[in-house]
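Spelled out, the chains give:
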Amino acid sequence: MKTKKVLWGIALLVLFSVNVQAQKKQTLTDEEQVQEAVTKEIDELFTSKDFLKIKAKKYADVKGTMVFDVGVVQNGKVSTFFKVDSDIKNIDFINWMSDYILKHKFFFKLQKQQRYKIRYTATFE
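Residues numbered from 1 in each chain as written. Predicted model: local features only at pLDDT ≥ 70, side-chain atom pairs only at ≥ 80, totals over all residues. Heavy atoms only, no water.

(A) Molecular detail of the pattern of salt bridges. Going through the model one piece at a time under the given rule, you end up with one salt bridge. Among the salt bridges present, the one from D69 reaches R119, with a minimum N-O distance of 2.8 Å. Residue D69 is found in strand 2 (residues 64-72), and its partner R119 is found in strand 5 (residues 116-124); the two are separated by 50 residues along the sequence. Given a relative accessible area of 6%, D69 falls into the buried group. In this structure R119 comes out as partly exposed when scored by relative accessible area, which is 49%. (Salt bridge = Lys/Arg side-chain N within 4 Å of Asp/Glu carboxyl O. Helix = DSSP H or I, 4+ residues; strand = E, 2+ residues; numbered from the N terminus. Buried < 20%, exposed > 50% of the residue type's maximum accessible area, 1.4 Å probe, protein only.)

Here is the structure:
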């Protein structure tokens, strides 16, 4: 009986340690890696159920392209959002997009004192 408890305890410990290792943030050092990671995460963000649900409910008529710069700092937080160009004229949508991106935290870290500005082009249909 005692050995079963010990074996179950070890099995659970191994299981939880694997999950913790899988969720560890990766530290990126190369600008191309950062740009690729930011692009991938924003693509996933724009195809997420939450984003599509809100866009369909409040901004269903918004279609077009928006080019914006995203500033990323050390811990993966978005520090700045700057709209460079857009054929979308709905100011409410642009403000909502700005807030939505600024609240996002990327799943990677940068080295200390590093900041990157990434340009992204989003197309909404």
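(B) Just the packing of helix 3 (residues 49-58) against helix 4 (residues 91-102), in detail. Remark: helix 3 packs on helix 4, axes separated minimally by 12 Å, with the N-to-C direction vectors making an angle of 160°. Comparing the axis directions of helix 3 and helix 4 gives the class roughly antiparallel. Considering how the two elements wind past one another, helix 3 and helix 4 form a crossing that is right-handed. Mapping the contact onto sequence places D50, F51, I54 and K55 in helix 3 and F93, W96, M97 and Y100 in helix 4. Residue classes in the contact of helix 3 with helix 4 are distributed as six nonpolar, no polar and two charged. (Axes fitted to C-alpha atoms, helices over the stretch in contact; angles between N-to-C directions. Parallel < 35°, antiparallel > 145°, perpendicular 65-115°, else oblique. Left-handed = near helix turned anticlockwise from the far one by under 90°. Contact = heavy atoms within 4.5 Å. Nonpolar A, V, L, I, M, F, W, Y, C, P; charged D, E, K, R; others polar.)

(C) Broad picture of unusual backbone geometry. The backbone of Q113 sits at a positive phi, close to 65°, despite the residue not being glycine. Examined against the element boundaries, Q113 turns out to sit in the loop between strand 4 (108-110) and strand 5.

(D) Fine view of the packing of aromatic side chains. Per the counting criterion, the structure on display carries 15 aromatic pairs. Here F68 and F81 contribute two aromatic rings whose centre-to-centre distance is 4.8 Å and whose plane-to-plane angle is 35°, an arrangement assigned as tilted. Of this pair, F68 sits in strand 2 while F81 sits in strand 3 (residues 78-86), and the two are 13 residues apart along the sequence. Take F81: its relative accessible area is 15%, and that puts it in the buried class. In textbook terms, an aromatic cluster arises when at least three aromatic residues are bridged by ring pairs, as seen for F46, F51, Y59, F68, F81, F93, W96, Y100, Y120 and F124. (Phe/Tyr/Trp six-rings, centres within 6.5 Å; stacked < 30°, edge-to-face > 60°.)

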